[in-house]
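Understanding the architecture of this molecule
Spelled out from the first residue to the last, the chains are:
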Amino acid sequence: MTAALRPAVRERAGGPLLLGVRHHGPGSARAVRAALDCAQPRAVLIEGPPEGDALLALAADEQMRPPVALLAHAVDDPGRAAFWPLAEFSPEWVAIRWALAHEVPVRFVDLPAAHSLAMTEQNEQAERGERTAQGEPPESRPVDAQVIDPIGVLARTAGYDDPERWWEDVVEHRGTGDAPEDPRAPFEALAEAMTALREAYGDGGHPRDAVREAYMRIQLRTARKEFGDDFAVVCGAWHVPALAARTTVAADRALLKGIPKVRTELTWVPWTHRRLARHSGYGAGIDSPGWYGHLFGAPDRPIERWMTKVAGLLRDEDRFVSSAHVIEAVRLAGALAAMRGRPLAGLAEATDAVRAVMCEGSDVPLALVHDRLVVGETLGEVPDSAPAVPLQRDLTRLQRTLRLKPEAQERELDLDLRKETDAARSRLLHRLGLLGVGWGDPAAGRGSTGTFRESWRLRWEPELFVRIAEAGVWGTTVLSAATARTESDAVSATALADVTALAERCLLADLPDALPVVMKALADRAALDADVGHLADALPALARSLRYGDVRSTDTVALGEVAVGLAERICVGLPPACTGLDADGAAQLHRQVDGVHTAIGLLAGGAVSAQGLRERWAGVLHRLSARDTVAGVIRGRATRLLLDDGRLAEDDAARLMGLALSPGTPPADAAAWIEGFVGGAAGGGMLLVHDERLLGLVDAWLTGVPAEMFTDVLPLLRRTFSAYDPGVRRTLGELVRRGPDPGRVHCGAEAAAPGFGAGLDAERADAVVPVLQLLLGTGTGTGPGAERAAAG
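Residues numbered from 1 in each chain as written. Predicted model: local features only at pLDDT ≥ 70, side-chain atom pairs only at ≥ 80, totals over all residues. Heavy atoms only, no water.

**Section: the overall build of the protein chain**
- Along the backbone of the protein chain there are 34 helices and ten strands.
- When each of the 792 residues of the protein chain is scored for burial, the buried share is 48%.
- Look at the contacts in the protein chain between residues 6 or more apart in sequence, and 74% of them connect residues 24 or more apart.
- With an accessible surface of roughly 37700 Å², the protein chain has 53% of that area assigned to carbon and sulfur atoms. (Helix = DSSP H or I, 4+ residues; strand = E, 2+ residues; numbered from the N terminus. Buried < 20%, exposed > 50% of the residue type's maximum accessible area, 1.4 Å probe, protein only. Contact = heavy atoms within 4.5 Å. Areas by Shrake-Rupley, 256 points an atom, 1.4 Å probe, with all protein chains shown as cover.)

**With respect to the sheet that holds strand β1 (residues 17–21)**
- Pairing in this open sheet of four strands is parallel, and the strands run β1-β6-β2-β5 from one edge to the other. Two strands bound the open sheet, and with one partner strand each, they are β1 and β5 (106–108). Within this sheet the neighbouring strands show an average axis-to-axis angle of 20°, counted without direction.
- Pairing geometry for strand β2 (residues 44–46) and β5, over three bridges, is parallel. If you follow Leu 45 over to β5, its bridge partner there is Arg 107.
- The strands touched by helix α1 (residues 26–39) within the sheet are β1, β2 and β6 (232–236), with β1 carrying the most contacts at an inclination of about 170°. (Pairing = 2+ DSSP bridges. Axes fitted to C-alpha atoms, helices over the stretch in contact; angles between N-to-C directions.)

**Digging into the sheet that holds strand β8 (residues 411–416)**
- Across the sheet, which stays open at both edges, the three strands sit in the order β8-β10-β9 with antiparallel pairing between neighbours. Either end of the sheet is taken by a strand with one partner, and the two such strands are β8 and β9 (440–443). The average undirected angle you get between the axes of adjacent strands in this sheet is 35°.
- Across four bridges, β9 lies against strand β10 (residues 453–458) in antiparallel orientation. By the bridge assignment for β10, Pro 442 is matched with Trp 456.
- Sheet contacts for helix α17 (residues 420–434): β8 and β10; angle to β8, the most-contacted strand, approximately 125°.

**Re the nonpolar core**
- One finds Met 307, Met 358, Leu 539, Leu 574 and Trp 617 to be the most contacted residues of the largest nonpolar core, which totals 168 residues.
- Residue contacts for Trp 617: discarding those within four places in its chain leaves Ile 570, Cys 571, Leu 574, Val 593, Val 596, His 597 and Ile 600.
- Among the nonpolar cores identified, the runner-up in size contains 35 residues, and Ile 46, Leu 58, Val 106 and Phe 108 belong to it. (Core = buried A, V, L, I, M, F, W, Y, C linked by side-chain atoms within 4.5 Å.)

**A short note on the packing of aromatic side chains**
- The final tally for this structure, using the stated rule, is six aromatic pairs.
- A centroid spacing of 6.2 Å and a plane angle of 90° characterise the contact between Trp 93 and Trp 268, whose relative ring orientation is edge-to-face. Note that Trp 93 is positioned in helix α2 (residues 91–101) and Trp 268 in strand β7 (residues 264–270), a separation of 175 residues in sequence.
- Classification of Trp 93 as buried rests on a relative accessible area of 4%.
- When its relative accessible area of 2% is taken as the criterion, Trp 268 is described as buried.
- With a centroid separation of 5.4 Å and an interplanar angle of 75°, the aromatic rings of Trp 460 and Phe 465 are classed as edge-to-face. Residues Trp 460 and Phe 465 agree in their burial class; the two are buried.
- Ring pairing ties together the aromatic residues Trp 439, Trp 460 and Phe 465, which thus form one cluster. (Phe/Tyr/Trp six-rings, centres within 6.5 Å; stacked < 30°, edge-to-face > 60°.)

**A look at helix α7 (residues 209–227)**
- A rise of 1.5 Å per residue sets the reference length of α7, with its 19 residues, at 27 Å; its end C-alpha atoms lie 26 Å apart and thus fit the reference within 8%.
- Looking at the residues trailing α7, positive phi occurs at Gly 228, about 70°. (Expected span 1.5 Å × (residues − 1).)

**Thoughts on the pattern of salt bridges**
- Scanning the entire structure with this criterion turns up 39 salt bridges.
- Residue Glu 410 pairs with Arg 457 through a salt bridge whose shortest N-O separation is 3.6 Å. Taken as a pair, Glu 410 in the loop between α16 (390–401) and β8 and Arg 457 in strand β10 lie far apart in primary sequence, 47 residues in all.
- Judged by relative accessible area, which is 44%, Glu 410 ranks as partly exposed.
- Overall, Arg 457 belongs to the partly exposed group, its relative accessible area being 32%.
- One network of salt bridges, in which partners are shared, links Asp 169, Arg 340, Arg 342, Glu 349, Asp 352, Arg 355 and Asp 363. (Salt bridge = Lys/Arg side-chain N within 4 Å of Asp/Glu carboxyl O.)

**A closer look at helix α33 (residues 762–776)**
- Look at α33: 21 Å from first C-alpha to last across 15 residues, which is about the 21 Å you get at 1.5 Å a residue.
- Two residues or fewer after α33 comes Gly 777, characterised by a positive phi angle close to 70°.

**Thoughts on the side chain of Glu 675**
- By the element assignment, Glu 675 lies in helix α28 (residues 667–678).
- Residue Glu 675 is classed as buried on the basis of its relative accessible area of 17%.
- Setting aside anything within four residues of it in sequence, one finds Glu 675 in contact with Val 633, Leu 716, Arg 719 and Thr 720.

**Some points on the environment of Ala 335**
- With respect to the helices, strands and loops of the structure, Ala 335 is situated in helix α13 (residues 323–339).
- Taking the C-alpha atoms as reference, Ala 335 lies 8.7 Å from Glu 349; in sequence the two are 14 residues apart.

**Details of the side chain of Thr 639**
- Relative to the elements of secondary structure, Thr 639 occurs in helix α26 (residues 632–644).
- Ignoring any residue separated from it by four or fewer positions in sequence, one finds Thr 639 in contact with Ser 625, Leu 648, Ala 653, Leu 656, Trp 673 and Phe 677.

**A short note on the pairing of β6**
- With five of five residues buried, β6 is to be regarded as a mostly interior element.
- Bridge analysis of β1 against β6 gives five bridges, and the strand direction is parallel. Among the inter-strand pairings, Val 21 is bridged to a residue of β6, identified as Gly 236.
- Relative to β6, β2 is paired through three bridges, and the arrangement is parallel. Its bridge partner lying in β6, Leu 45 is registered against Val 233.

Written out as C-alpha cells, the structure is:
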C-alpha cells in the first residue's frame, strides 16, 4: 500500500476485525482470505440481506458455481426485485466459503431486503410526486452532484486519472496470493482513507446508507454478545468508519423507526460475468470481470497465462498466432508497464501488447478478446435444492427434457417442426414469450422458407428470473401460466389487431384451452370494428395462424370462418376507404393492400371455405386500378398485383401505365403510381428489364418531367429505384443508354427503349434444348441442336 494512502500502520485496538473491501475485487478477496486465515475468527458477518442466511449453506454445494446472485423479490409484486451478485473473486464469496469450510457461523448483517425493497418503492414514488409537482416528467431523474466515487477520489489524490488503474496498482498487484506480514495492514490503511473521505463528504450522496449502517451496528452488537470481539465483518470499505463509530442503541433504533416493509422471498440464481460489468447497470460493477477472474485464479505469472489465453482464442478464430507472438506480447506488456511507471503490467498494457503483436494493430480481433475474455460469457450454476417458484421448477424440468440449456452467449437455434423435440422446443419458446419471459426472439430462417422451420436467437439473462417470478402468479407450470395469461390478455384487449396477433401466438404456442376464449374475443371485436384499416391489419395474422395451424395439426375451422368474414368485409369497404388520402394515409393503405392480398391468397388456397374470395378480391383490385380518385401509389400497386396474378393482360397494364404517366397527370402523382407498380419490394426492376414497353413509358415520362418539378419527385423516384439489386440497376442503365429504336413503336410510345431484341431467335433457342434433355434425362440429345452443342 502506498505511503500516500497509509501514513502509518497501527495495531488494531479492541473490537471485531473490520475488513473493508471493494466488491468484486480479486486483490481484496485474496487479502480477506489471508486475514481470516491469520485471525481465525469465531464468526463471519457479511454485508448482505439477513433473509439470505438460510441460503448460505448452499454456497458449499458442489453444484454451486459462481457467478451467482441472491435474488430478492416482493411476494405481492415480483417485479419489485433486487440482486446481490457474487463472483468467485468477490471478497464476500471468499468469506462465505472460508466460514463454511472452517465450520464457523456466517451471517448477513445488512438492512433486510424486506425494508430495502419497500424503501426503494417509497423513494421512487416520492421522487415521481416531487417531479410532477415541479412540472417535470415523472420519468426524469435528477442528478445529485454530491454523489461521489470513493475509489475515484483516492485515485485522483494519488495522481491517477484512471480509478481502475490506481486500484490495480495498489491492490490487485500486491501479489498473487502470498499473505503480507500483517494481513490487517491493507484494511487498516483503507479504513484510514475512507475515514478521511467520510469526514470530507459525509454520506457521499447516499442518504440511505445511514439507515443501513444503523442496522449493521445493531447486528454487530448482537454478535458481540455471542462471540465477544472475536468475529470478522466483511463489508464495503465505505461503511467501515460508520461501523467503527461509537453510537447508542437508541440513536440507531431511532434511524430505523417507521421504515416500510414488504413480504419478500429470496433464492440463489445464476449470474453472468457480463452482468458484473459496470455497463450492465449494477452499481458496484467492474469493467473487466473476466480479467479479474483471471487475476484471482492465476497461481503465478498472470501476464504469461493471460497471453496464452488470448492466443488460444485467436487461434480458434483461425488467426495465426504462434508461441513467438505470445513471448513478444509478454515482453512488450512488461516494457510498457516500466515506461508508464507501474509496478506490474496491468490490463491496459496487456491490451496494448495484444493489439500490436497478435492483432497487427487492428481493433476488430481485439474487440473479440474484450468480449470473450476481458468481460467474458461465464454463466453460473445453482443447485437444484435452491428455493424456486413452482413455475421456475417446471421451466427447469422442460429445459432439461428438451436439452435446451440456458446460455449467456447469444446463439442461433434452427427448429424443424416435423420433429417432435423441435416442435416442443418451439411451443416452449412461444409460451414463454406470451408470459413476457423473453429468452428467445424469432429470427430470419436459413435455408428454407417453409412453415415447418423456425429460427430463434437465444440468450439467457439473469433478469429473466424476475420475469419468471412475475409470471408465477398465472400458474405453476409453463402451460397453465401461458394459458391463463393468454385468456386474460384476450379479454382485456381493445384493438382487433391485438386479438388477431394473440390468436396467432396462441396457435404457435399450442394452447388449445385458451383458443376458445381468444376466438370469442376475436369474434366480438371483429363484429364491432368497422374501420377497414383495422380489419386489414388484423387479417394477415389470421391467415398466418391458419397456415401454422395446418402445420401443427391444430383445429382452425372457427378461426378460418372469422378470417373469411373479415376478408369479405374488407372487399366491401376498401374501395371507398382508398379515396381522399394524404401521402401518409396512402402509404399505410398501400402496405395494408399488400398484406390483404397475401392473406387472401393463403385463405383461398387453404382448407377453409373461401369460394369465390379470390375473384371478389380481384374485382376490388380492378376497381382500384381504374379509379382516378384513388391515390397513385395504390392504383399502381393494384395494377401490378393483377398483372402478377395473370388477371390483367400486358397490353392493359401498359395502357394503364400510359394513362397514369400522361402529361395531364401531376408529376408527384405519376411518381407515386410508379412506386406502387415497380417499387423495389414488388420486384418491379426485373419487370422493367423484361418488358421494354413499360420501360419505354417510364423513360419517356421521366425525361418529360419539367425541370422545375423534377426536384419534387426525385426523392420518391430515388426511394423506388434504389431498392433494386445492383445488377438490375446496371441492366436498366445499359438498356436506357442504348437509346431508342426508331423502327419500333409500342402502345403509342414512339421511341421505346430497345429491350433485348425484336423476337425469338429460334436457332439459338434450339441449341439449348438437347443440353437440357441430357441434364434432365428426358431425351437422347440428338438432332441439329445436339450437333451444334457437340460442336461447341
